[in-house]
Amino acid sequence: MCVHAVRVPARSGTSTTPNGNREGAMELAFLNPLYERPGPWASVYVDTSRHTENTPHERHLTARAMARELADQGADEATCDAVRRALEELRHSSEPHGRALFARDGEVVLDPPLARPPQNDWAQWAPLPRVAPLLELAGEDPVCVVAYVDRKGADFELRSALGRDDAGGVTGRQWPVHRTSSVDWSERHFQLRVENTWEHNAAEIADALAVCQEETGADLLILVGDDREQHAVRERLPQRLHGMVVEASRGAGSRLLDEDVERIRAEHVRDRAAAELERFLAARTPDDEGRAGAVEGVPALVEAAREHRIDELLIRPDGPDAHREVWIGEDPDQLAVRRTDLKILGEQQSWSARADDALIRSAVATAAPALSVTAAPEMREDAPVGGLGALLRWK
């Protein structure tokens, strides 16, 4: 029986949109609670990767420092206290990477664990929650099921940034599983029975692995074993899973080292980011009707967001447009490049916000995912232009 993965809700595998496949993008529905109430919001990111005998005291100091930083930026006392208490509770935590917290009105509303530590601890008080860093710190962490396959069955192991866990397995027919060396025709019937056993066990393994993937939400399936056994299992998996499979050739009984799994996971992240970037680049060319399937640059993205046409948001966090100022109203589609534009649209109240966070709010409202393309190998630094782009949906 498979165990369920403990994972940030943001991570996802392959999903399908009207415009095709979007591989590895972060589904943003878990951020909905942050947009059900108006700001301002406290956003805090802390590193929990260091573990020494002084860790509890250091985290106590971090909790106080983050609360003080928020207070200096104008946060109310109740929210500062809520953040401090939440961070104090992490004093003895063994979390391997870090934690993000989002709070307002004396309450921590969301506190997802991170898949990798932030470069430093920081806190911000702003009209919108500072969620864009989650794309890199929590979004690109494929959960893996490693299947150790042999002729008699398979053992499954769940791997994620949070560690490893037993995920069950399957035992097939135990006899006959080995061919004989004889070429006598009298052995032909026995050889056929061996072939039938292999095929039966491969099908059993594939069925169990498909169920395990569904229960855990795994993004990646790593097959370990002899080449023939891996191929037999892969061929019998449902077609929807074929793009998730990686074969790691090893002898029977071999186990993958942590560095092997991390290398495979990192390659998977790079490949899917590269695929989405290529899809974006191709979509920039207008079709026969003169419509482009992708846009970039803040003005075009703001227009697409107001018209609910963003199908997938692509962000390069170090791009100059990511922190460009835009203007927002209370609703996600109240978004403009200039403050006067909001007034023309009939919005009387407005606040300045970062473009990346404002666009993510709009994406959440229309169930569009987002993806950081930083991991794409040989990434074109001019794409998307300014660091922000989107694949579009057309009604």
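Residues numbered from 1 in each chain as written. Predicted model: local features only at pLDDT ≥ 70, side-chain atom pairs only at ≥ 80, totals over all residues. Heavy atoms only, no water.

Describing the packing of aromatic side chains
All chains considered together, the criterion is met by 2 aromatic pairs. Ring centres 6.0 Å apart and planes at 85° place the aromatic pair tyrosine 45 and phenylalanine 102 in the edge-to-face group. Highlighted residues: tyrosine 45 in strand β3 (residues 41-47) and phenylalanine 102 in strand β4 (residues 98-104), separated in sequence by 57 residues. Each member of the pair, tyrosine 45 as well as phenylalanine 102, carries the same accessibility label: buried. Taking 4.7 Å as the distance between ring centres and 15° as the angle between the ring planes, the aromatic pair formed by tyrosine 45 and tryptophan 122 counts as stacked. You can see tyrosine 45 sitting in strand β3 and its partner tryptophan 122 sitting in strand β7 (residues 122-126), a full 77 residues away along the chain. Owing to a relative accessible area of 0%, tyrosine 45 belongs among the buried residues under this scheme. (Phe/Tyr/Trp six-rings, centres within 6.5 Å; stacked < 30°, edge-to-face > 60°. Helix = DSSP H or I, 4+ residues; strand = E, 2+ residues; numbered from the N terminus. Buried < 20%, exposed > 50% of the residue type's maximum accessible area, 1.4 Å probe, protein only.)

Notes on the packing of helix α1 (residues 55-72) against helix α2 (residues 77-88)
Packing of α1 against α2 leaves a shortest axis separation of 8 Å and a crossing angle of 160°. In terms of orientation, α1 and α2 fall into the roughly antiparallel class. Relative to α2, the crossing made by α1 is right-handed. The segment α1 lies against α2, with His60, Thr62, Ala63, Met66, Ala67, Leu70 and Ala71 engaging Cys80, Val83, Arg84, Leu87 and Glu88. Each residue belonging to the contact of α1 with α2 can be placed in one class, and the counts come to 8 nonpolar, 2 polar and 2 charged. (Axes fitted to C-alpha atoms, helices over the stretch in contact; angles between N-to-C directions. Parallel < 35°, antiparallel > 145°, perpendicular 65-115°, else oblique. Left-handed = near helix turned anticlockwise from the far one by under 90°. Contact = heavy atoms within 4.5 Å. Nonpolar A, V, L, I, M, F, W, Y, C, P; charged D, E, K, R; others polar.)

Structural notes on the pairing of β3
In summary, the side chains of a regular strand alternate between the two faces of the sheet. Within β3, 7 of the 7 residues are buried, leaving the element largely enclosed by the surrounding structure. Burial along β3 is two-sided: the face carrying Trp41, Ser43, Tyr45 and Asp47 and the face carrying Ala42, Val44 and Val46 are both buried. By the bridge criterion, 5 bridges tie β3 to β7 in an arrangement that is antiparallel. Residue pairing for β7: valine 44 is matched across the bridge by alanine 123. Both β3 and β4 contribute to a ladder of 6 bridges, which runs antiparallel. Looking at β4, one finds that valine 46 is bridged to arginine 99. (Pairing = 2+ DSSP bridges.)

Any functional reading would require information beyond the geometric quantities listed.
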